[in-house]
Amino acid sequence: MIVVTGATGNVGRPLVAALAERRAGEVVAVSRSAAPQPAGVRHQVADLADPQSLRSAFEGAEALFLHDGGAGGQAQRAAGILASAKAAGVRRVVLLSSLGVVTRPDSPSHGGVMRATEEAVRASGLDWTVLRPGAFASNAFAWAESVRTRRTIEAPFGDVGLPLVDPADIAEVAAVALCEDGHAGQAYELTGPGLSAPREQAAVFGELLGEPVEFVEQTEEQARAQLLRLMPEPVVDTTLAILGAPTPAEQRISPDVEKLLGRPARPFADWARRNLPAFR
């Protein structure tokens, strides 16, 4: 039996579907609220801040996908979840971490948070695998309303590209690590197959929609003001640094998705095509 936390998120949802398609035994999808699941998948409402609420989900489980959203106190919370899982007989854990552990290890809002959680996973006594994705293609959902209503995308640093990773690829890699042997003690960096800049992403949506999508380049100050309405200032500072002046490590194309899945990572256009209804 496999337990998937964060089962309604951008990675958890396709992971549950991938495990169901694999017929990987019983799958328990855990989230804070009820949500439809594929046939044969059991859903359980639980609060990851309360590891005791996961007890019944862990009964009979052998593997755990751990994603607890990056909230404050994350490492301590992860340690409690892992202890509860181990006590129930779970032997394998796959952690959704972040490339920031490698590229921005001292940033308290990025790599520093997940580095402590990785340490908790390594200290758990379980067979562990760590997934370190870079920027998600699904971040483009932030533009859905402006594309639908105005056929416009506003973003800073229009020609700076990052190797955006499709959450569906992360999910498929997670399924491999959960179901197959040979991945214990490994940390995989997950990226897309090439650099994708905001101006190019606007052009992709225009082609898919069959009409132009205008790209409007924000100043860094405009972007900062917008992001501050959504994120704490330290997170905004690091986010803008990554978007505007990514390090070579943040722009590196990792081979790990192709190595694990036996096919190239999906490009941004594939993600946009599958999610086009949100932008129509």
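See above for the structure.
What counts, and where the lines are drawn
- Residues numbered from 1 in each chain as written.
- Predicted model: local features only at pLDDT ≥ 70, side-chain atom pairs only at ≥ 80, totals over all residues.
- Heavy atoms only, no water.
- Core = buried A, V, L, I, M, F, W, Y, C linked by side-chain atoms within 4.5 Å.
- Buried < 20%, exposed > 50% of the residue type's maximum accessible area, 1.4 Å probe, protein only.
- Helix = DSSP H or I, 4+ residues; strand = E, 2+ residues; numbered from the N terminus.
- Contact = heavy atoms within 4.5 Å.
- Axes fitted to C-alpha atoms, helices over the stretch in contact; angles between N-to-C directions.
- Parallel < 35°, antiparallel > 145°, perpendicular 65-115°, else oblique.
- Left-handed = near helix turned anticlockwise from the far one by under 90°.
- Nonpolar A, V, L, I, M, F, W, Y, C, P; charged D, E, K, R; others polar.
- Pairing = 2+ DSSP bridges.

Q: Explanation requested: the nonpolar core in the structure shown.
A: Across soluble globular proteins, nonpolar side chains show a tendency to be buried alongside one another. One finds Val4, Leu15, Phe65 and Leu131 to be the most contacted residues of the largest nonpolar core, which totals 32 residues. Ranked by residue count, the leading element in this core is helix H7 (residues 167-179), at 8 residues. Aside from chain neighbours lying at most four places away, what touches valine 4 is Gly12, Leu15, Val16, Leu19, Val27, Val28, Ala29, Val30 and Phe65.

Q: Even after reading the chapter, I still don't get the packing of helix H3 (residues 74-88) against helix H5 (residues 111-122), so can you show me in this structure?
A: Two numbers describe a pair of packed helices, the interaxial angle and the distance between the axes. Packing of H3 against H5 leaves a shortest axis separation of 8 Å and a crossing angle of 20 degrees. One element, H3, and the other, H5, form an angle in the roughly parallel class. Read as a crossing pair, H3 and H5 show a hand that is right-handed. From H3, Gln74, Ala75, Ala78, Ala79 and Leu82 reach across to H5, where they touch Val113, Met114, Ala116, Thr117, Ala120 and Val121. Tallied by class, residues from the contact of H3 with H5 come to 9 nonpolar, 2 polar and no charged.

Q: Help me understand the pairing of strand S2 (residues 27-31) in this model?
A: Regular strands show a simple pattern: their side chains alternate between the two faces of the sheet. For S2, the buried fraction is high: 5 of the 5 residues fall into the buried class. Burial of S2 is two-sided: the residues Val27, Ala29 and Ser31 facing one way and the residues Val28 and Val30 facing the other way are all buried.

Q: I keep staring at the sheet that holds strand S8 (residues 186-190) and nothing clicks. Help me out?
A: The strands making up a sheet are joined through hydrogen bonds of the backbone, oriented either antiparallel or parallel. Spatially, 7 strands are ordered S3-S2-S1-S4-S5-S6-S8 in an open sheet, and the strand pairing comes out parallel. Only two strands of the sheet have a single neighbouring strand rather than two, namely strand S3 (41-45) and S8. Across the sheet, the mean angle from the axis of one strand to that of its neighbour is 20 degrees, orientation sign disregarded. Sheet analysis places strand S1 (residues 2-4) next to S2, joined by 3 bridges and oriented parallel. Across the sheet, valine 3 pairs through a bridge with valine 28, a residue of S2. The strands that H5 touches are strand S4 (63-66), strand S5 (92-96) and strand S6 (127-133); relative to S5, the one it contacts most, it runs at about 175 degrees. In the packing of H7 onto the sheet, contacts are made with S1, S4, S5, S6 and S8, and the angle to S5 comes to roughly 160 degrees.

On their own, these measurements won't tell you what the molecule is for.
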